[in-house]
Amino acid sequence: MTKNYIAGEWVGASEASADINPSNTGDIVGEFARAGAVEAEAAIAAAHEAFPAWSRSSIQQRHDILKTVGDEILARKEELGRLLSREEGKTLPEGIGEVIRAGQIFHFFAGECLRMAGDKVPSVRPLVDVEVTREPVGVVGLITPWNFPIAIPAWKIAPALAYGNTVVFKPAELVPASAHALSEIIIRAGVPAGVFNLVMGRGSVVGEAMLNSPKVSAISFTGSVPTGRRVAQTCITSDPMKKLQLEMGGKNPMVVLDDADLKVAVECAVNGAFFSTGQRCTASSRLIVTEGIHDRFVAALTERMQGLVVDDALKPGTQIGPVVDQNQLDQDLKYIRIGQDEGAKLVAGGELLNRDSPGFYLAPALFTEVDNRMRVAREEIFGPVATVIRARGYDEALEIANDTPFGLSAGICTTSLKYAGHFKRNSEAGMVMVNLPTAGVDYHVPFGGRKGSSYGPREQGRYAQEFYTTVKTAYTFDGNEAYVPKTTASE
């Protein structure tokens, strides 16, 4: 049984869970310790005790540790990518690509350790200096999802450590192997005992312990909207209140205008809607297509879908792997039935597939004749299911694109600078893509959305410091003892 890591020690648990390969349900990746409340509280206590020293550690020490982590991740990208694809189900090229991104994230934040900056500004009062600096927030609880089992932990852990916080890391139960491998690399890099803690287990147990502990100063959560709302409520009502960062769902639009390059639009749709088995919060689940190109786009997309290879994630040539587990597969199938019951037309896919090994294989599904009020156009499915919504023109397409409770990512395919520029300014999303898939972002710039998709400061890039640090303003009287500064009415 693979153990948790608490206070510098590998610690077992009374329970364990099996990590099952979704491409071959007969393949058990491993047995992983399932922590309880006692282990979670011990990890929190260790992080709390380690915080004072780590928060005052040298920026060179933090840089060296994070760079070492990034170096090992990149050196082992094929091995780690294979492990990731084996337990999560995304194709091997996607798995390796995600690992590379994780290594790049650690390298970026290694550099950020050395770029911590503040402001020294003149006061409105004579002989007074003002300094504005940033300090770590404290113990940070990190709760990560199963769909990006190395990249998302990396983009939470790396800035947390870079800015001097201590970490309690709870990965999703479905993907403990990737989290454990990443944790081993972090530990080998020389993180002091208690600074980084891995606690695998149920969210209802480990997550609740983090939320309810007064020793945890901040929570960064990526997951579902209902759970995110509950996390937010608990953080706000806790004593003391916790700093909060949420990344939740998406129902992302990709607009295709009459003047679009048809081949570009189809490739953007296939990549955004179906790659990674559609299990991305940035997936293009709503394809909003104007009338002049609608029929040609649907025909070309349907033809392209017929050539997609759905198979074992580790098999060469596979373009789409299995759904992550039976629960997610059941949810995908439920929404396919809902779409049909609502009157949408299933023009491609949606059926279970048999392959050489038993797995959760589903043919990517495409609906047409969809109204934006339908559930399949309103609710996040989180699978390889896309809907096509017809629009009379650009103005209606933009209106439909913004008519959603979510606001994570949005895209447009057009050769018009006029429409591209207008869409970038008027799309109600945190990230906008022009002639690119809605899924797929850079690691050095902010990630996040609006409305029900995100809450709190952005993740990734330099904007991560907004969450992982707190601002301090310090005033210093720089005169002699004989001078007494005058106060102002605003005091």
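My aim in this report is to walk through the structure given alongside it, one point at a time.

1. Regarding the overall build of the protein chain
Phase 1: Within the protein chain one finds 15 helices and 22 strands.
Phase 2: Within the protein chain, the proportion of its 491 residues that are buried is 57%.
Phase 3: At a minimum sequence separation of 6, the contacts of the protein chain that also span at least 24 residues come to 73%.
Phase 4: Per element, the accessible surface of the protein chain, about 20000 Å² overall, is 51% carbon and sulfur.
Phase 5: Of the charged side chains in the protein chain, 49 are positive and 58 negative; the average position of the first set lies 3 Å away from that of the second.

2. Details of the packing of aromatic side chains
Aromatic rings considered in pairs are described by the distance between their centres and by the relative angle of their planes.
Phase 1: All told, the structure shown has 8 aromatic pairs when counted by the stated rule.
Phase 2: Judged by centre distance (6.3 Å) and plane angle (40°), the rings of F169 and F196 are tilted. With a gap of 27 residues between them, F169 in strand β8 (residues 166-170) and F196 in strand β9 (residues 196-198) connect regions that are remote in the sequence. Both residues of the pair, F169 and F196, belong to the buried class.
Phase 3: Ring centres of F467 and Y468 lie 4.8 Å apart, and the angle between their planes is 85°; on these two criteria the pair is classed as edge-to-face. Here F467 and Y468 have matching classes, each one buried.
Phase 4: An aromatic cluster is defined as three or more aromatic residues linked by ring pairs; in this entry it consists of F108, F109 and Y163.
Phase 5: In this structure, K90 packs its charged tip against the face of F148, placed 3.7 Å from the ring centre.
Phase 6: In this structure, R115 is placed above the aromatic ring of F108, and the distance from its NZ or CZ to the ring centre is 5.7 Å.

3. Structural notes on the packing of helix α7 (residues 203-212) against helix α8 (residues 225-237)
Phase 1: Running from N to C, α7 and α8 point in directions that differ by 30°, and their axes come no closer than 9 Å. It follows from the interaxial angle that α7 and α8 lie roughly parallel. Contact residues: E208, L211 and N212 in α7; R230, V231, T234 and C235 in α8.
Phase 2: The residue inventory of the contact of α7 with α8, partitioned by class, reads 3 nonpolar, 2 polar and 2 charged.

4. Comments concerning the packing of helix α3 (residues 77-88) against helix α6 (residues 176-188)
Phase 1: Their axes nearest at 8 Å, the elements α3 and α6 cross at an angle of 155°. As judged from the angle between their axes, α3 and α6 are roughly antiparallel. Residues L80, L83, L84 and E87 of α3 lie in contact with α6, whose contacting residues are P176, A177, S178, A181 and I185.
Phase 2: Taken together, the residues of the contact of α3 with α6 sort by class into 7 nonpolar, 1 polar and 1 charged.

5. What about the pairing of strand β15 (residues 365-368)?
Phase 1: In β15, alternate side chains face the same way, and those of A365 and F367 on one face and L366 and T368 on the other are all buried.
Phase 2: Pairing of strand β14 (residues 345-348) with β15, which is carried by 3 bridges, proceeds in the antiparallel orientation. If you follow L346 over to β15, its bridge partner there is F367.
Phase 3: With 3 bridges connecting them, β15 and strand β16 (residues 385-391) associate as parallel partners. Across the sheet, L366 pairs through a bridge with A386, a residue of β16.

6. Some details on the sheet that holds strand β22 (residues 469-477)
Whenever strands of a sheet pair, they do so through backbone hydrogen bonds, lying parallel or antiparallel.
Phase 1: Spatial ordering of the open sheet is given by β5-β6-β22, a layout of 3 strands whose pairing is antiparallel. Lying at the two open borders of the sheet, with one neighbouring strand each, are β5 (119-122) and β22. Strand-to-strand, the axes of this sheet are offset by a mean angle of 20°, without reference to chain direction.
Phase 2: Relative to β22, strand β6 (residues 128-136) runs antiparallel, the two sharing 9 bridges. Directly across from T133, in β22, lies its bridge partner K472.

7. Section: the sheet that holds strand β19 (residues 431-434)
Phase 1: One open sheet holds the 7 strands; their spatial order is β14-β15-β16-β13-β12-β18-β19, and the pairing between them is mixed. Looking at which strands have only one partner, the edges of the open sheet turn out to be β14 and β19. Averaged over neighbouring strand pairs, the angle between their axes works out to 25° when direction is ignored.
Phase 2: Here 3 bridges tie strand β12 (residues 253-256) to strand β18 (residues 409-413), and the two strands are oriented parallel to one another. Within β18, the residue paired with V256 across the bridge is C413.
Phase 3: Each of β12, β13 (286-290), β14, β15 and β16 touches helix α10 (residues 291-306); the most contacted strand, β13, lies at about 135° to it.
Phase 4: Across the sheet, helix α11 (residues 326-342) touches β14, β15 and β16, and the angle it forms with β15 is around 20°.

8. Considering the pattern of salt bridges
Phase 1: All chains considered together, the criterion is met by 26 salt bridges.
Phase 2: We note a salt bridge from E173 to R34, for which the minimum N-O separation is 3.0 Å. In this pair, E173 sits in the loop between β8 and α6 while R34 sits in strand β4 (residues 28-34), placing the two residues 139 residues apart along the sequence.
Phase 3: Of the charged contacts, one joins R115 and E112 as a salt bridge, the two residues approaching to 2.6 Å between their closest N and O atoms.
Phase 4: Taken together, the shared-partner salt bridges connect E15, R34, E173 and R202 into one network.

9. A look at the side chain of R286
Phase 1: Its location among the elements puts R286 in strand β13.
Phase 2: Buried charge without a salt bridge: R286, with D403 as the nearest opposite-charge side chain at an N-O distance of 6.5 Å.
Phase 3: Of note is the side chain of R286, whose polar atom sits 3.1 Å from the backbone oxygen of K251.
Phase 4: If we skip the residues at most four places from it in the chain, R286 touches K251, N252, P253, M254, N372, A377, T387, I389, I400, A401, D403 and T404.

Rules and cut-offs
- Residues numbered from 1 in each chain as written.
- Predicted model: local features only at pLDDT ≥ 70, side-chain atom pairs only at ≥ 80, totals over all residues.
- Heavy atoms only, no water.
- Helix = DSSP H or I, 4+ residues; strand = E, 2+ residues; numbered from the N terminus.
- Buried < 20%, exposed > 50% of the residue type's maximum accessible area, 1.4 Å probe, protein only.
- Contact = heavy atoms within 4.5 Å.
- Areas by Shrake-Rupley, 256 points an atom, 1.4 Å probe, with all protein chains shown as cover.
- Lys, Arg positive; Asp, Glu negative; His and termini not counted.
- Charge placed at Lys NZ, Arg CZ, Asp CG, Glu CD.
- Phe/Tyr/Trp six-rings, centres within 6.5 Å; stacked < 30°, edge-to-face > 60°.
- Lys NZ or Arg CZ within 6 Å of the ring centre and 35° of its normal.
- Axes fitted to C-alpha atoms, helices over the stretch in contact; angles between N-to-C directions.
- Parallel < 35°, antiparallel > 145°, perpendicular 65-115°, else oblique.
- Nonpolar A, V, L, I, M, F, W, Y, C, P; charged D, E, K, R; others polar.
- Pairing = 2+ DSSP bridges.
- Salt bridge = Lys/Arg side-chain N within 4 Å of Asp/Glu carboxyl O.
- Polar contact = N/O pair within 3.5 Å; in protein donor to acceptor, adjacent residues only side chain to side chain.

These figures capture arrangement, not role.
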